[in-house]
Each structure stands twice: as C-alpha cells, then as structure tokens.
Amino acid sequence: MEKVLTIAGSDSSGGAGIQADLKTFEEYGVFGFSSLTSIVTMDPDNGWSHEVTSISEEMLEKQLISVFAGDPMDVIKTGMMGNEKNIALASRYIDFYQIKNVVIDPVIACKGTAQILQPKSVEGIKKYFLPQALIATPNLEEAGILSGLGDLENIEDMKKAASIIHQMGAKNVIVKGGHRLASDKALDVFYDGKNYQVLEGPLFATDFNHGAGCTFAAAIAAGIAKGYSVFNACKTAKAFVAAGIEHGVSINPYVGHIWHGAYNEAEKRMVAADENND
Ligand SMILES: Nc1ncnc2c1ncn2[C@@H]1O[C@H](COP(=O)(O)OP(=O)(O)O)[C@@H](O)[C@H]1O
Ligand SMILES: Cc1ncc(COP(=O)(O)O)c(C=O)c1O
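How each quantity is defined
Residues numbered from 1 in each chain as written. Chains lettered and ligands numbered in written order. Predicted model: local features only at pLDDT ≥ 70, side-chain atom pairs only at ≥ 80, totals over all residues. UniProt positions renumbered as here; feature names shortened; annotations may be inferred. pLDDT = per-residue confidence, 0-100. Helix = DSSP H or I, 4+ residues; strand = E, 2+ residues; numbered from the N terminus. Axes fitted to C-alpha atoms, helices over the stretch in contact; angles between N-to-C directions. Parallel < 35°, antiparallel > 145°, perpendicular 65-115°, else oblique. Left-handed = near helix turned anticlockwise from the far one by under 90°. Contact = placed C-beta atoms within 7 Å. Nonpolar A, V, L, I, M, F, W, Y, C, P; charged D, E, K, R; others polar. Pairing = 2+ DSSP bridges. Near = placed C-beta within 6 Å.

In the nomenclature of an unreviewed UniProt entry, the chain is known as pyridoxal kinase of Tetragenococcus halophilus subsp. halophilus. Here is the UniProt Sequence similarities (unreviewed entry) comment for the chain, exactly as written: "Belongs to the ThiD family." Per its UniProt entry, the chain bears the Catalytic activity (unreviewed entry) comment "pyridoxal + ATP = pyridoxal 5'-phosphate + ADP + H(+)".

What follows is the structure in structure tokens.
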C-alpha cells in the first residue's frame, strides 16, 4: 500500500486542510499519514473570519517521529505550515529521509476569506520548500506573490510566474487559474522546465469550492504515489476536483465545500448504468 504524508493545517470546518487531504487519499486508495502544523477556526459571528493557531515546532516534530517510525513515505504533501520554524523542520525531515516525491502547496492565500492567512510563510516556502518540490501548486494569487510579479491577469502572466517559480527550484509548477482568472473556463498552467501545457476544464458557477486547492494538491500527491507521471497526476487531479466542485455541498450558511467522494461515485454510477444496459 502506498504511503502518503500530509504536513498541513486542520480546517475545523472539514473541507480543506488535512481533512481534505486524508479524504482525498482514501478516495485514491493510498494510505494517509498526517502531521498537523496549525489549527484554523472560523467565527460565524464575525463574517466567518479565519483564525490560525500554530502548533509548536516540538509538537510537530513528535508527530513526524511517529510518522517515520516505519518505512519512509512514498510521497509528502505540504499545506498550511503555521510558521517558518515548522517549514524549516519539515524541510529537514524531507532532506533526512531523502524524500524525492514532494508536493508543495504553498498555502498563503485562501478562499473564503479576503485575509492573506500566511504572509510570514512566503520567505520560508521560497528558501526551504521550493528547492525540494517535485511540484509546486500555487493559486493565481500565490503565484503572483512567490514570483514577485504581483497581479497575474492572463495565461502569459501565469507562464512567466511558473518559469520564475521553476527557477527558484521547483522541478514542476502548476499555476491554478481556477475561479480567480477572468475566463469562462477553469484554466491551469503546467510547466516542467521545458514545455508549458494549459489544462482546461469547465468553470462551475458555484461558491461551493472551499477545499479545492488542498484537494487538488492531495490528489496530485496520491496520483504520484500510484505511479502516474507528474503531468498525468495533475490531469487526473483536475478531473477529481472538478467533480468535487460540481457536486459541492452546503454545510452551513457561511461556506460551501467541495464533495471529495464525487469522482468515484460518478465512476460507480457509470458502471451501474453500463450494467443496466447489458
Ligand atoms: N469554479 C470552478 N470550477 C471548476 N474548476 C475550478 C473552480 N475553481 C477552482 N477550480 C479548479 O480547482 C483547482 C484548485 O484551484 P483553486 O480553487 O484556484 O485553488 P485554491 O483553493 O488554492 O485557491 C484548479 O484545478 C482550478 O482550476
Ligand atoms: C488548514 C487550511 N489549509 C488550507 C486552506 C486553503 O483552502 P482552499 O483549498 O479552499 O484554498 C484552508 C482554508 O480555510 C485551511 O483552513
């Protein structure tokens, strides 16, 4: 059984963060491990504003020791890190255990809040994580921040940002246009250091997309664990997340989550329909 570790924050509302990652790993049939870096809570009396409480470096290290008590991980995926010390610590473990399959989701800007939740993570991500990344998965805003280009408005801007982030050390980069890019499609730009490929999917007119970014990176990590090429892992992840967004669920009056079970459910529905037609 392939083993995948997520080092990320807890989303108490259950749609993003470590919860999204573990649900996604399960859907892909890989075994999920976790090390929490931070806990995010939301205030319903204050516009659903997000508060991030970091977990100490000592506590993160105890979790990493637990995780690595057995065989090494096939893939590590990172998400919200809480602070730069946690980034440096996770990076040391990646280095020590010589993990090459590393998916870095540089969580700096999140949906559901206008706040830039993790501004202090930027330097740590650049210094420690990007050089270790098999692939980095910034959204439009994060790609603008990491590349230093600021607002990205079109595919050409996304390509420039991907190239700069690649030069910073990430072997592959996928810049997610998603709902942020002014377009009638959901467009993401993939770059492997040689070629750019634009991944295109339908853009769903919905606000039920909380957790899309975490789920996308987790699905890439799971795909790589199952032996897909990095590009094919991205293509499958895009289809997985699109199904989740299309079948998003309203969990309370404040936020709508993607549904992590949608992709495999759709496959089962298709098999059932085929069997009925036989
Ligand atoms: N409304 C949408 N319809 C279809 N795909 C979407 C939509 N919003 C985001 N996506 C896709 O979901 C994935 C995650 O992107 P995004 O939501 O931008 O990440 P983040 O949560 O980090 O901001 C990308 O492949 C993106 O293109
Ligand atoms: C712990 C955690 N990680 C990551 C995110 C980013 O979520 P998304 O995938 O919707 O961008 C959030 C959003 O609330 C979060 O709580």
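The structure having been displayed, the exposition proceeds.
For the chain, mean pLDDT is 94; residues scoring 70 or higher make up 96% of the total. Confidence, read as mean pLDDT per element, is least for helix 9 (residues 262-277) in the chain (82) and greatest for strand 5 (residues 102-104) (99). This prediction of the complex comes with two scores: 0.96 for pTM and 0.97 for ipTM.

Pairs of packed helices are described in terms of their axes, by the angle between the two and the distance that separates them. It is the contact of helix 5 (residues 140-147) with helix 6 (residues 155-167), at a shortest axis distance of 9 Å, that shows an interaxial angle of 55°. Taken together, helix 5 and helix 6 sit at an angle that is classed as oblique. The interaxial crossing formed by helix 5 with helix 6 has left-handed handedness. Packed against helix 5, whose contacting residues are Ala143, Gly144, Leu146 and Ser147, the element helix 6 presents Met158, Ala161, Ile164 and Ile165 at the interface. Grouping the constituent residues of the contact of helix 5 with helix 6 by class yields 6 nonpolar, 2 polar and no charged.

Bringing the sheet that holds strand 8 (residues 185-191) into the picture now. Pairing in this open sheet of 9 strands is mixed, and the strands run 3-2-1-4-5-6-7-8-9 from one edge to the other. Each end of this open sheet is capped by a strand with a single partner; those strands are strand 3 (49-54) and strand 9 (196-202). As defined by bridge partners, strand 2 (residues 31-43) adjoins strand 3 across 6 bridges and the pair is classed as antiparallel. Bridged to threonine 41 within strand 3 is glutamate 51. Across the sheet, helix 6 lies against strand 6 (135-136), strand 7 (172-176), strand 8 and strand 9, angled at about 30° from strand 8, the strand it touches most.

With respect to spatial proximity, 19 residues lie near ligand 2, and among them Gly9, Asp11, Ala16, Gly17 and Gly213 are the closest. Counting only elements with at least two residues in the shell around ligand 2, the list comes to strand 1 (3-11) and helix 7 (212-225). For the shell around ligand 2, the element with the most residues is strand 1, which contributes 4 residues. Per-class residue counts for the shell around ligand 2 are 8 nonpolar, 9 polar and 2 charged.

We now examine the site of ligand 1. If you check the shell around ligand 1, you find 21 residues, and the closest are Asn139, Gly178, Ala186, Ala212 and Gly213. Elements with a minimum of two residues in the shell around ligand 1: strand 8, helix 7 and helix 8 (230-246). Among the elements that line the shell around ligand 1, the one with the most residues is helix 8, at 4 residues. Residues belonging to the shell around ligand 1 are distributed by class as follows: 8 nonpolar, 8 polar and 5 charged.

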